[in-house]
Amino acid sequence: MPYRGRIVRFLGYAVLAGLLGMSAFTLYLDLRVKSEFEGRRFALPARIYARPLELHVGLHIASGDVEDELKDLGYAYGPREAPGWYVRADNALDISVRPFLFADGPQPARRVRATFDSGTVSALTDAEGRELALARLEPVPIGGIYAAGNEDRVLVRLRDVPPLLVKELIATEDHNYYTHHGFDPRALARAVLSLGSQRVQGGSTITQQLVKNFFLTPERTLSRKFTELVMAVLLELHYGKEEILETYLNEIYLGQDRDRAIHGVGLAAQFYFGKEVQYLTAAESAVLVALVKGPAVYDPRRHAARALERRNLVLRETKEQGSLSLEEYAQARGAPLGITTRAPTGTSPYPAFVQLVHRQLRRDYDEADLRSEGLRIFTTLDPRVQGAAERALAKRLAQFDKEKRFGEPGLEGAIVVTDPQSGEVQALVGGRDARYRGYNRALDAARPVGSLLKPAIYLTALSDPGRYTLVTPLDDGPFVWKSRGAPDWQPANYDRKFHGMVPLRTALAQSYNTATARLGTELGIDRVLATVQRLGVERELRPLASTLLGAAELSPLEVAQMYQTIAAGGFRSPLRAIREVTTPEGKPLLRYALKVEQAFPAEPIYLITAALQGVVREGTAQGLRSFLPPEIGAAGKTGTTDEQRDAWFAGFTGDHLGVVWIGYDDNRAARLLGATAALPVWGDTMAALAPQPLALPKPDSVEQVWIDPQTNLRGDSQCAGAVELPFMQGTAPRDFSPCASPAGAVIDAVDHTVQKAKSWLDRLLGR
Amino acid sequence: MRRAVALLALIAAACAAPQPAPVGEAPPAPPEPAPAVKESVAIAGLMDSARSDAAAGRLAEAAATLERALRIEPRNPRLWQELARIRLQQGDFPQAESLAQRSNSWAGGDGALRAENARIIERARAGQR
């Protein structure tokens, strides 16, 4: 007896312990479900936008470029129900602009008609023909900063999801969703019985699927299945059907874009159909529901037939559940897939630029916040400029590869393009493969800059107008620099010749090394380096004579900063890639304001700019002639380093500043010159952008004087090859060249200018 | 056009400065016009909105709008000046001074504009002391 009694007692304890254990486990799961579901915030990547295109009368842009922008935005051609389409009409574009939440507030959807005339917007009206001052398109999304796994999503509320999408989902995945308590024994039984046969619905309810995605690892064991079931029931116990459904619709994995994972119906609608989820048709939402079963298997871009078949299955199930009339079913079934064609972009089509944005952001934000808070980052990238730069680099590198055959790894290159007035970075190419997200040469390749440093030397000289003008003779004879503790430095010219006495502007235009080295050491290396620093280069350069001829190593971005200050008339603005940061709701968080600081007086900047225009007009950058018309008056400088390891070109027009570097990553001799390798890339880029002429405002204390290039004395327009050069008042040569008679020269000059002035005024006044 | 402006500037300079006196009868040179006397519709609209923001004390918004306008017309000295004025109101004196100088660089012969820039610069310097 006592024996049996003990067994009973033991069994009793065991059952009790089991029950206790079970309840403890359930309690634990319950806590987890509650805390994780409630504490759960979807990690929302920071979303990065290009600059918005602002249309206004007078904007220089071809209608084709606007169309490209619209295509980038996923606008459809031809009228649709939802905004986000356009049509061509004669020389105009009719655009149905989508609503967008800008950093300065929401902008509603609107209709815009832009008329074009020879590459310029000539009229801008709304649908009723009323004049519009400005029409801002929404900015092109250019990527994000993602959490681990590169999960991307656009959160949607259930009320914004078309009811039909929900019905299709329920018909296909979980018939009894609204009646079961987290798991569906009937569906489970059906699934088990029909194992192996082709059935639409699996055994898992929507709730179970959500639990699986949310809380559990993907192992497939019985105990895990059991845990999933308990948690699904617990979830249903605590939360309503609508709440669970909304979370599911945002969580569900629906596709892959290279390294970016597409989650939720909000993003999937954009990714596959280029529209907001509320505008999806029955057929389109069925495509998304079809993807639930297997985003790779039913990828409508890669396996259209399979996707179509599964979509029609979804439509049929929906019809059979009574959620779709026969008519609607027939119509939806007959519709094409309707997927937008788009190149896969992954986390960004412009990884190099996004890297710059990310670095600038990291100074102000936590990495974790950037990856999860859904910040909206408005940047300065101009897709049109970026496209032009990418194409120019790719085309020329392919050409050089063919000509040189240096083997792998191939030539590399980098480009930075900025707006000279504001310092905004418009384009950044980090290497030959613009889609590659790795080594970013535009930011991280510090290479010897060669002659690109010369303008700093000449600017230092021209800042002392009592001693130096554009025609001051410089000695380009043999030059040796001796300094204690360093070997003698004996620079040579590229053509291995000495050119005797040459005017200052010619020494720069022809990039003579000996004249420049002599000038630089005369001025003092420290003074030149102080100029470089004032131009905006923060990196410490070694105070050596060889630094003057470009032994200094800078990245293309640093070079751009340096030339920026010259291009902006002596006003230094830190290069910026970001304009504003807002919360997902549009509340402004941070503005990266335009900052200017006058680093140099206007006069020497005006003179050095004229000298850099001379480089293009008659110096080492003459080759630009075949890219840009002379009226553009582009200013620039070529750079080539020892053994031609690096080829550079830096220059600017009225509205773009560009820096191009070409070379090998491993520092091999590239045997390419700045003028023949980097310059064509720059020329192609700028030519594609139809740049504005360079027009620096002339300071009052600067006068233009005709100079006879034979004698470097005053001449007049009648002297052969005479050039008009700027001088600080009172510093121009006093003596006249034999080719000009002193009195005649002045009369002639005045008559000439008055005539010109008149015709210019006439044009201005429309006479 | 650039050449024409340069030449026009040359006469303006020739008339203003103690130059070698031109021989002969030169007609009176017209004063150099400011680059953008009349704003385009787009700029005028943005300027209005910036001014009403500024009047309501929304200085950050006003500055953002002016920057937006400057992207469209970077050579408009009035926009640079308006931005300088906003920075002055915000107590950002170094920027106020620099922006007024930037405005001057595009001001051409617009004496009134230059005088106003001089006032802004003076107040900005006073603020920095």
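Everything quoted here is computed from the prediction, not taken from an experiment. (Residues numbered from 1 in each chain as written. Chains lettered and ligands numbered in written order. Predicted model: local features only at pLDDT ≥ 70, side-chain atom pairs only at ≥ 80, totals over all residues.)

Engineer: Would you mind going over the overall build of chain B with me for this structure?
Structural biologist: Of regular secondary structure, chain B possesses six helices and zero strands. Ordered by position in the sequence, the α and β elements of chain B form the string α-α-α-α-α-α. In chain B, buried positions account for 46% of the 129 residues. The long-range share in chain B, meaning contacts at least 24 apart out of those at least 6 apart in sequence, stands at 52%. (Helix = DSSP H or I, 4+ residues; strand = E, 2+ residues; numbered from the N terminus. Buried ≥ 20, exposed ≤ 12 C-beta atoms within 10 Å, placed from the backbone. Contact = placed C-beta atoms within 7 Å.)

Engineer: Is there a simple way to explain the overall build of chain A in this structure?
Structural biologist: Helix and strand content of chain A: 24 helices and 33 strands. Dimensions of chain A, computed from C-alpha atoms along their principal axes, come out at roughly 135 × 70 × 45 Å. Burial status across chain A gives 49% buried among its 767 residues. Long-range pairs, those at least 24 residues apart, make up 70% of the contacts in chain A between residues at least 6 apart in sequence.

Engineer: Is there a simple way to think about the confidence of the model for chain A in this case?
Structural biologist: A low pLDDT means the predicted coordinates there should not be read in detail. This prediction gives chain A a mean pLDDT of 88; 93% of its residues lie at or above 70. In the predicted structure, residues 744–767 of chain A sits below a pLDDT of 50 and forms 32 contacts with residues beyond four places in sequence or in another chain. (pLDDT = per-residue confidence, 0-100.)

Engineer: Sorry, what's going on with helix α3 (residues 59–72) of chain B here?
Structural biologist: Note on helix geometry: an α-helix contains 3.6 residues per turn, so any two residues three or four positions apart are oriented the same way. Spanning 14 residues, α3 of chain B covers 20 Å between terminal C-alpha atoms, matching the ideal 20 Å at 1.5 Å per step. Buried within α3 of chain B are the following residues: E61, A62, A63, A64, T65, L66, E67, R68, A69 and L70 of chain B. (Expected span 1.5 Å × (residues − 1).)

Engineer: Looking at this model, I keep getting lost on the sheet that holds strand β16 (residues 412–418) of chain A. Mind explaining?
Structural biologist: Strand pairing in a sheet is mediated by backbone hydrogen bonds. Such pairs are either parallel or antiparallel. Residue and element names in this part refer to chain A. Read across the sheet, five strands follow the order β17-β16-β30-β29-β28 without closing on themselves; strand pairing throughout is antiparallel. Each edge of the open sheet is held by one strand with a lone partner, namely β17 (425–429) and β28 (635–640). For this sheet, the mean inter-axis angle between neighbouring strands, taken without regard to orientation, is 5 degrees. As judged from the seven bridges shared by strand β29 (residues 646–652) and strand β30 (residues 657–663), these two strands associate in the antiparallel manner. Bridge pairing links G651 to G658 in β30. (Pairing = 2+ DSSP bridges. Axes fitted to C-alpha atoms, helices over the stretch in contact; angles between N-to-C directions.)

Engineer: Is there a simple way to think about the sheet that holds strand β31 (residues 702–708) of chain A in this case?
Structural biologist: All names here are of chain A. Here we have three strands laid out as an open sheet, ordered β32-β31-β33, and antiparallel in their pairing. Unpaired on one side and paired on the other, β32 (713–714) and β33 (723–728) mark the two borders of the sheet. Across two bridges, the pairing between β31 and β32 is antiparallel. Paired with I707 across the strands is R714, a residue of β32. Packing of helix α22 (residues 602–618) onto the sheet brings it into contact with β31 and β33, and relative to β33 it is tilted by some 160 degrees.

Engineer: Just to check I follow, could you spell out the pairing of β17 of chain A for this structure?
Structural biologist: Along any regular strand, the residues point their side chains to alternate faces of the sheet. All names here are of chain A. Most of β17 sits out of view: five of its five residues are buried. Relative to β17, β16 is paired through four bridges, and the arrangement is antiparallel. Within β17, the position partnered with V417 by the bridge is A427. From the end of β16 to the start of β17, which pair antiparallel, there are six residues, and G423 there has a positive phi angle of about 75 degrees.

Engineer: Looking at this model, I keep getting lost on the environment of L134 of chain A. Mind explaining?
Structural biologist: Structurally, L134 of chain A is set in the loop between β9 (120–125) and β10 (135–136). Note: C-alpha distance between L134 of chain A and V425 of chain A (291 residues apart in sequence) is 23 Å. Residue contacts for L134 of chain A: discarding those within four places in its chain leaves E54 and H56 of chain A together with A42 and G45 of chain B.

Engineer: What exactly am I supposed to notice about unusual backbone geometry here?
Structural biologist: Of note in this structure, D90 of chain A is not a glycine but carries a positive phi near 50 degrees. Along the chain, D90 of chain A turns up in the loop between β4 (85–89) and β5 (92–97).

Engineer: Help me understand the confidence of the model for chain B in this model?
Structural biologist: Residues and elements named next belong to chain B. Mean pLDDT over chain B stands at 79; residues scoring 70 or higher make up 71%. Put simply, helix α1 (residues 2–16) is where chain B has its lowest mean pLDDT, 44, and helix α4 (residues 77–89) is where it has its highest, 97. Among the prediction metrics, the complex's ipTM stands at 0.80, with pTM recorded as 0.82.

Engineer: I keep staring at the packing of helix α16 (residues 454–462) of chain A against helix α19 (residues 525–534) of chain A and nothing clicks. Help me out?
Structural biologist: How two helices pack is summed up by the angle between their axes together with the distance between the axes. Residues and elements named next belong to chain A. Taken N-terminus to C-terminus, the directions of α16 and α19 make an angle of 110 degrees; their axes are 9 Å apart at the nearest point. On the basis of their axis angle, the class for α16 and α19 is roughly perpendicular. Where α16 abuts α19, its residues A456, I457, L459 and T460 lie against R527, V528, T531 and V532. (Parallel < 35°, antiparallel > 145°, perpendicular 65-115°, else oblique.)

Engineer: For this particular structure, what's the right way to read the nonpolar core?
Structural biologist: It is characteristic of soluble globular proteins that their nonpolar side chains tend to be buried jointly. Residue and element names in this part refer to chain A. The biggest cluster of nonpolar side chains holds 182 residues, and the ones touching the most others in it are A114, I415 and A678. Ranked by the residues each element gives to this core, the list is headed by α22, at 10 residues. Filtering out sequence-adjacent residues up to four positions away, I415 remains in contact with A389, L393, A427, V429, A442, G658, V660, V681 and T685. One finds M231, A268, L315 and L324 within the second-largest nonpolar core, a separate group that totals 49 residues. (Core = buried A, V, L, I, M, F, W, Y, C linked by C-beta atoms within 7 Å.)

Engineer: What is the right way to read helix α12 (residues 351–362) of chain A from this model?
Structural biologist: Compared with the 16 Å implied by 1.5 Å per residue over 12 residues, the 16 Å span of α12 of chain A between its first and last C-alpha is a close match. Burial runs high along α12 of chain A: nine of the 12 residues are buried.

Engineer: Would you mind showing me how to read the environment of V292 of chain A here?
Structural biologist: All names here are of chain A. Here V292 lies in the loop between α9 (282–291) and α10 (304–320). For V292, a count of 22 C-beta atoms within 10 Å puts it in the buried group. Linking V292 and Y606, residues 314 residues apart in sequence, is a C-alpha distance of 64 Å. Among residues more than four places away in sequence, those in contact with V292 are E173 and I252.

Engineer: Mind showing me how you'd approach the environment of I145 of chain A here?
Structural biologist: Residue and element names in this part refer to chain A. Along the chain, I145 falls in strand β11 (residues 141–145). Along the sequence, I145 and A368 sit 223 residues apart, while their C-alpha atoms lie 9.9 Å from each other. Those residues in contact with I145, other than ones at most four positions away along the chain, are P45, A46, H358, L370 and R371.

Engineer: Quick question: what am I supposed to make of the packing of helix α3 (residues 163–173) of chain A against α10 of chain A here?
Structural biologist: Residues and elements named next belong to chain A. Following both chains from N to C, one finds α3 and α10 inclined at 95 degrees, their axes separated by 8 Å at the closest point. When the interaxial angle is binned, α3 and α10 end up roughly perpendicular. Residues K167, E168, A171 and T172 of α3 touch α10, and the partners they reach there are V314, E317 and T318. In terms of residue class, the contact of α3 with α10 is made up of two nonpolar, two polar and three charged. (Nonpolar A, V, L, I, M, F, W, Y, C, P; charged D, E, K, R; others polar.)

Engineer: I'm lost on the pairing of strand β21 (residues 486–489) of chain A in this one. Help?
Structural biologist: Of the pairings in the sheet, the one linking strand β20 (residues 481–483) of chain A to β21 of chain A comprises two bridges and is antiparallel in character. Across the sheet, S483 of chain A pairs through a bridge with A486 of chain A, a residue of β21 of chain A.

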